[in-house]
Amino acid sequence: MLNLTADILQGRHVRLEPVTVDHRDELKAAVDCDPESWEIMSVNGCGEGFDDFWGALQGETDRGERIGFAIRRLSDGKVVGTSSYLNIRRVHCGLEIGSTFLNPEARSGPINPESKRLLLAHAFDCGAIRVELVTDVRNARSQAAIQKLGATKEGVLRNHKITWTGHVRDTAVFSITDYDWPGVRQRLDFRLSEAFV
């Protein structure tokens, strides 16, 4: 059984804080930008769309379907993005890590790999046997980042979702299993220690 908990997760560069109403303004400041990137997301967090994004995050959290995190950069204490546990399948010990958005100024460097390292470790420590990472097939940057983590591409779900713009999206599916995790963890730890001293 997956016993996933909403804990604060902290590394050397970031602290992931379970989202509460107190994060609203900081999260809005972090994600209300880069409208082009939001065009391929299921929900728009930019401009007038932020209220819909916030409402979806709060609603899914209240129903136990999602654990959302604010990503706080430790060097300056600033919230620079968000990521979530989604599609939590407690009986089947699986979940998705997704709905990740980083402010453009935080996209290169240790923020994303360390955030994913913390989320993956916590998921597997809580009993996960499978973690999925999915993205729009048009999002080459996201697919490259997921593959760089060490996830295995399993295929493409055709006509999988409809984005907030009305685009019928094909979704690339990647996974990391509990069998894969020790090797993925080792590569991530090496990458974080070597590249981001």
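Every value quoted in this text rests on a predicted model; they were computed, and no experiment measured them.

1. Section: the layout of surface pockets
Thinking step 1. Put simply, the largest pocket is a space of about 1,100 Å³.
Thinking step 2. Contributing to the lining of the largest pocket are 42 residues, with Met41, Ser99, Thr100, Phe101 and Ser142 lying nearest its centre.
Thinking step 3. Every element with two or more residues in the lining of the largest pocket is listed here: helix 2 (35-38), helix 3 (50-62), strand 4 (78-89), strand 5 (94-102), helix 4 (111-125), strand 6 (130-136) and helix 5 (140-149).
Thinking step 4. In the lining of the largest pocket, the residues fall into 18 nonpolar, twelve polar and twelve charged.

2. Re the UniProt feature "domain: N-acetyltransferase" (unreviewed entry) in the protein
Thinking step 1. Within this structure's numbering, the places UniProt gives as "domain: N-acetyltransferase" (unreviewed entry) are residues 14-180.
Thinking step 2. The span residues 14-180 carries 30% helix and 37% strand; its end-to-end C-alpha distance comes to 24 Å.

3. What to know about the packing of aromatic side chains
Thinking step 1. By the definition in use, this model includes six aromatic pairs.
Thinking step 2. Their ring planes at 45° and their centres at 5.7 Å tell us that phenylalanine 50 and phenylalanine 53 sit as a pair that is tilted. With a gap of three residues between them, phenylalanine 50 and phenylalanine 53 both fall in helix 3, about one helical turn apart. Exposure class is identical for phenylalanine 50 and phenylalanine 53. Each is buried.
Thinking step 3. Relative to tryptophan 181, the ring of phenylalanine 124 has its centre 5.3 Å away and its plane inclined at 25°; by these criteria the two rings are stacked. Of this pair, phenylalanine 124 sits in helix 4 while tryptophan 181 sits in helix 6 (residues 181-195); the two residues are 57 residues apart in sequence, bridging distant segments of the chain.
Thinking step 4. Judged by its relative accessible area of 11%, phenylalanine 124 is buried.
Thinking step 5. Taken together, the ring pairs in this structure connect Trp38, Phe50, Phe53, Trp54 and Phe101 into an aromatic cluster.
Thinking step 6. Positioned above the aromatic ring of phenylalanine 101 is the side chain of arginine 107, whose terminal nitrogen or guanidinium carbon lies 5.2 Å from the ring centre.

4. Some thoughts on the nonpolar core
Thinking step 1. Counting residues in hydrophobic clusters, the biggest one holds 36 residues, and the most contacted among them are Tyr85 and Leu95.
Thinking step 2. The biggest single contributor to this core is helix 4, with seven residues.
Thinking step 3. Counting residues in each nonpolar core, the second largest holds 15 residues, with Val19, Val31, Met41 and Cys46 among its members.

5. Points about the pairing of strand 7 (residues 152-162)
Thinking step 1. Sheet topology note: the strand 7/strand 8 (residues 168-177) ladder contains seven bridges and is antiparallel. Residue threonine 152 lies in a different strand from strand 8, and its bridge partner there is serine 175.

6. What about the sheet that holds strand 3 (residues 67-73)?
Thinking step 1. Taken in spatial order, the eight strands line up as 1-2-3-4-5-6-8-7 in an open sheet, and their pairing is mixed. Either end of the sheet is taken by a strand with one partner, and the two such strands are strand 1 (9-10) and strand 7.
Thinking step 2. Bridge count between strand 3 and strand 4: seven bridges; the pairing is antiparallel. Residue arginine 72 lies in a different strand from strand 4, and its bridge partner there is valine 79.

Rules used throughout
- Residues numbered from 1 in each chain as written.
- Predicted model: local features only at pLDDT ≥ 70, side-chain atom pairs only at ≥ 80, totals over all residues.
- Heavy atoms only, no water.
- 1 Å grid on protein atoms, 1.4 Å probe; cavity = no way out; pocket = protein on both sides within 12 Å on 5 of 7 lines; lining within 4 Å.
- Points joined across faces, edges and corners; volume = space filled by probe spheres on them.
- Helix = DSSP H or I, 4+ residues; strand = E, 2+ residues; numbered from the N terminus.
- Nonpolar A, V, L, I, M, F, W, Y, C, P; charged D, E, K, R; others polar.
- UniProt positions renumbered as here; feature names shortened; annotations may be inferred.
- Phe/Tyr/Trp six-rings, centres within 6.5 Å; stacked < 30°, edge-to-face > 60°.
- Buried < 20%, exposed > 50% of the residue type's maximum accessible area, 1.4 Å probe, protein only.
- Lys NZ or Arg CZ within 6 Å of the ring centre and 35° of its normal.
- Core = buried A, V, L, I, M, F, W, Y, C linked by side-chain atoms within 4.5 Å.
- Pairing = 2+ DSSP bridges.

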